[in-house]
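# A closer look at the structure
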Amino acid sequence: MSPQEIPTDIPAAVIVLAAGAGTRMKSRTPKILHPLGGISMVGHALAAAKGLNPAKLAVVVRHERDLVAGHVAGLDAAAQIVDQDEIPGTGRAVQQALDALDAGAEVSGTVVVTYGDVPLLTTELLAELVATHSADNNAVTVLTAVLDDAAGYGRILRDEADGTVLGIREHKDATDAEREIREINSGIYAFNAAVLRKALKNVTTDNNQGEMYLTDVLALARADGGRVAAVSTTDRWQVEGANDRVQLSALGAEHNRRIVEAWMRAGVSIIDPASTWIDSTVQLDEDVTILPGTQLHGKTTVARDAVVGPDSTLTDVQIAAGAEVTRTHGSGAIIGEGAHVGPYTYLRPGTVLGADGKIGAFYETKNVTIGRGSKLSHLGYAGDAEIGEDTNIGCGNITANFDGVNKHRTVIGSGVRTGSNTVFVAPVTVGDGAFTGAGAIVRKDVPAGALSMTVAPQRNAEGWTLANRPGSIPAQAAQNASN
């Protein structure tokens, strides 16, 4: 092996295999695009691969090619998309990827091969694989896992003297003694590029499945005098793939368990981890408290001393320090410091609640900015609106922002007090310090400091119940009252 071919701890290339159809998923969505913890499975795989800082990164695609390639490009524009042809097998996929990576300048050093459907695989474990491969000057290093029940997996056959890998025996071909082996093949490898390139030229499809098997490279490398070794992990989840929705669900639960545990160790109080779901992309500060039944998705952030839950689902919501969000469904909202939201509140995108503000029970908000200390306490809707500071919006208030064709804005100033069941017919502006009476329908701008009322004379039709509901409970009550 020439000096320039000696592997280093930073791989020359990583190849991610993502060409499978995933038919057992029974989905119109390609298997590797199914999400787990807020990120697609292939997104997790790419993140682990990119953590190695490889000189080159290739993703092999075939099934739903354009959809997968577009998704990958959105995650990493520098990733090289390689199309697998009609020849099946992982060996062929790697061969085509290596050919593509060799274009211009032949790859020299370590080539890592991993998969788009192993979402819990970490950069740390891949780095251990690469470091061992480099330190031991191996031709091939395979990542293995030790399972309590290895049934159905290919077993790792080791040399008893030096521990090197003699081969991989598929379960169906294994002897009874070999089936007692608990170390299995993950299918994830570090190769010397020159060894891989040479061996792939000799891998055939002469087998029952008519496929080019990547596992054949191990025997060819060993026969050529190369050292084949293994790095073993007892964390089976890191090499576990998802072929159907049952496996995807199991991986999702384990991923979430790890995320939740990590946040607790970082100083977050999570009262019921079993009912709490947190995406990989969420950020939490120390001394945050998460109550049962809470789901935090997307780019949600929660600052110190804030309390979220119970029974809240938030996506891309920013929660400032000391805020409380209770039994709320929200997305794309910003909650200010010390503010209170809920219970039973629906925050739609564009909601901005200022510090010490409140959006209370059975309230819906959308595209509204609410100033410091202002309160929308209960039973209302605020959409396409701007509300100043220290304003109190009464019970049952709504902004009538849609005329059937266009949306219009309502502007309510600071220090405003509105009566129950006020309707603001947008576009309309209410000045600072203004009041509205109960039941007001505000169709015109209200000057600062003014009182807006909608007054109609009250009319009582005496004797109506006895005349129109004879024999009813109300009629009997009315009769008793008149005696």
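Because the structure is a prediction, the values reported are computed rather than measured.

## A closer look at the overall build of the chain
- On a plain count of helices and strands, the chain comes out with 9 helices and 37 strands.
- Compactness check: the chain gives a C-alpha radius of gyration of 32 Å against a globular reference of 23 Å for 483 residues, more than 25% above the reference.
- Across its three principal directions, the C-alpha atoms of the chain cover 110 × 55 × 45 Å.
- For the chain, with 483 residues in total, the buried portion stands at 47%.

## Details of the pairing of strand β9 (residues 165-169)
- With 4 bridges connecting them, strand β8 (residues 155-158) and β9 associate as antiparallel partners. In the strand pairing of β9, Ile156 is matched with Ile168.

## Some words on the confidence of the model for the chain
- Summing up the model confidence of the chain, the mean pLDDT is 94 and the portion of residues at 70 or higher is 98%.
- Confidence drops under a pLDDT of 50 for residues 1-8, and excluding neighbours within four residues, the segment shows 19 contacts in the predicted structure.

## Quick look at the environment of Glu261
- Mapping Glu261 onto the fold places it in helix α7 (residues 245-265).
- Residue class for Glu261 comes out partly exposed when judged on its relative accessible area of 30%.
- In the structure, Glu261 is positioned 12 residues away from Pro273 in sequence and 7.9 Å away in space, judged by C-alpha atoms.

## Quick word on the packing of aromatic side chains
- Tallied over the entire structure, the rule returns 2 aromatic pairs.
- Here the aromatic rings of Tyr189 and Phe191 are separated by 5.2 Å at their centres, their planes lie at 35°, and the arrangement is tilted. Across this residue pair, the class does not change: Tyr189 and Phe191 are buried.
- Geometrically, the ring pair formed by Tyr344 and Phe362 is stacked, given 5.2 Å between the ring centres and 20° between the ring planes. You can see Tyr344 sitting in the loop between β24 (340-341) and β25 (345-347) and its partner Phe362 sitting in strand β27 (residues 358-370), a full 18 residues away along the chain.
- For Arg236, the ring lying beneath its charged end belongs to Trp237, and the centroid distance is 4.2 Å.

## Digging into the packing of helix α5 (residues 193-200) against helix α6 (residues 216-223)
- Where α5 meets α6, the axes come as close as 9 Å, and the angle between the chain directions of the two elements is 110°. When the axes of α5 and α6 are compared, the pair comes out roughly perpendicular. In contact with Val195, Leu196, Ala199 and Leu200 of α5, α6 contributes Val217, Leu220 and Ala221.
- Partitioned by chemical class, the residues of the contact of α5 with α6 number 7 nonpolar, no polar and no charged.

## A few points about the environment of Val14
- Summarising the element assignment, Val14 is placed in strand β1 (residues 13-18).
- Separated by 94 residues in the primary sequence, Val14 and Ser108 have C-alpha atoms spaced 12 Å apart.
- When sequence neighbours within four positions are dropped, the list of residues in contact with Val14 reads Ala49, Leu52, Pro54, Lys56, Leu57, Ala58, Val112 and Thr114.

## Brief notes about unusual backbone geometry
- The step from Gly309 to Pro310 runs through a cis peptide bond, and the omega angle for that step is 0°.
- Cis geometry is adopted by the peptide bond preceding Pro427, which originates at Ala426 and carries an omega value of 5°.
- The residue Pro427 is located in the loop between β33 (423-425) and β34 (428-430) in this model.
- The backbone of Arg327 sits at a positive phi, close to 40°, despite the residue not being glycine.
- Within the fold, Arg327 resides in the loop between β21 (324-325) and β22 (328-331).
- Among the residues examined, Arg327 registers a relative accessible area of 31% and is labelled partly exposed.
- Positive phi values are uncommon outside glycine, yet Tyr344 reaches one of about 60°.
- The exposure class assigned to Tyr344 is partly exposed, which follows from its relative accessible area of 46%.

## Side note on the pattern of salt bridges
- Tallied over the entire structure, the rule returns 24 salt bridges.
- Note that Glu254 is salt-bridged to Arg257, the shortest N-O span being 2.8 Å. Within this pair, Glu254 and its partner Arg257 are both found in helix α7, separated by 3 residues, close to a single helical turn.
- For Asp311, the salt bridge goes to Arg327, with nearest N and O atoms at 3.2 Å. Of this pair, Asp311 sits in the loop between β18 (307-308) and β19 (313-315) while Arg327 is found in the loop between β21 and β22, placing the two residues 16 residues apart along the sequence.
- Among the charged side chains, a salt-bridge network with shared partners connects Asp235, Glu254, Arg257, Arg258, Glu261 and Arg265.

## Quick look at the environment of Asp432
- When you line up the elements, Asp432 lands in the loop between β34 and β35 (435-436).
- Considered as a pair, Asp432 and Ala219 are 213 residues apart in the sequence and their alpha carbons are 82 Å apart.
- Excluding residues that lie within four positions of it along the chain, Asp432 makes contacts with Gly413, Ser414, Val416, Ala448 and Gly449.

## Looking at a nonpolar patch on the surface
- Taken together, the side chains of Phe435, Leu451, Met453 and Val455 make up a nonpolar region of the molecular surface, amounting to roughly 440 Å² of accessible area.
- Looking at the secondary structure, you find Leu451 in strand β37 (residues 451-452).

## A closer look at helix α2 (residues 65-75)
- Buried residues of α2: Val68, Ala69 and Val72, and no others. One side of α2 holds all its buried residues, which, seen down the axis, span an arc of 95°. Counted as exposed and oriented over 90 degrees from the buried face of α2: Asp66 and Gly74.
- Buried residues in α2 make contact with β1, α1 (41-50), β4 (56-61) and β5 (80-83).

About the thresholds
- Residues numbered from 1 in each chain as written.
- Predicted model: local features only at pLDDT ≥ 70, side-chain atom pairs only at ≥ 80, totals over all residues.
- Heavy atoms only, no water.
- Helix = DSSP H or I, 4+ residues; strand = E, 2+ residues; numbered from the N terminus.
- Rg over C-alpha atoms; globule rule 2.2 N^0.38 Å.
- Buried < 20%, exposed > 50% of the residue type's maximum accessible area, 1.4 Å probe, protein only.
- Pairing = 2+ DSSP bridges.
- pLDDT = per-residue confidence, 0-100.
- Contact = heavy atoms within 4.5 Å.
- Phe/Tyr/Trp six-rings, centres within 6.5 Å; stacked < 30°, edge-to-face > 60°.
- Lys NZ or Arg CZ within 6 Å of the ring centre and 35° of its normal.
- Axes fitted to C-alpha atoms, helices over the stretch in contact; angles between N-to-C directions.
- Parallel < 35°, antiparallel > 145°, perpendicular 65-115°, else oblique.
- Nonpolar A, V, L, I, M, F, W, Y, C, P; charged D, E, K, R; others polar.
- Salt bridge = Lys/Arg side-chain N within 4 Å of Asp/Glu carboxyl O.
- Patch = residues over 30% accessible without salt bridge, like charges linked within 9 Å, V, L, I, M, F, W, Y side chains within 5 Å.
- Areas by Shrake-Rupley, 256 points an atom, 1.4 Å probe, with all protein chains shown as cover.
- Arc of directions from axis to C-beta.

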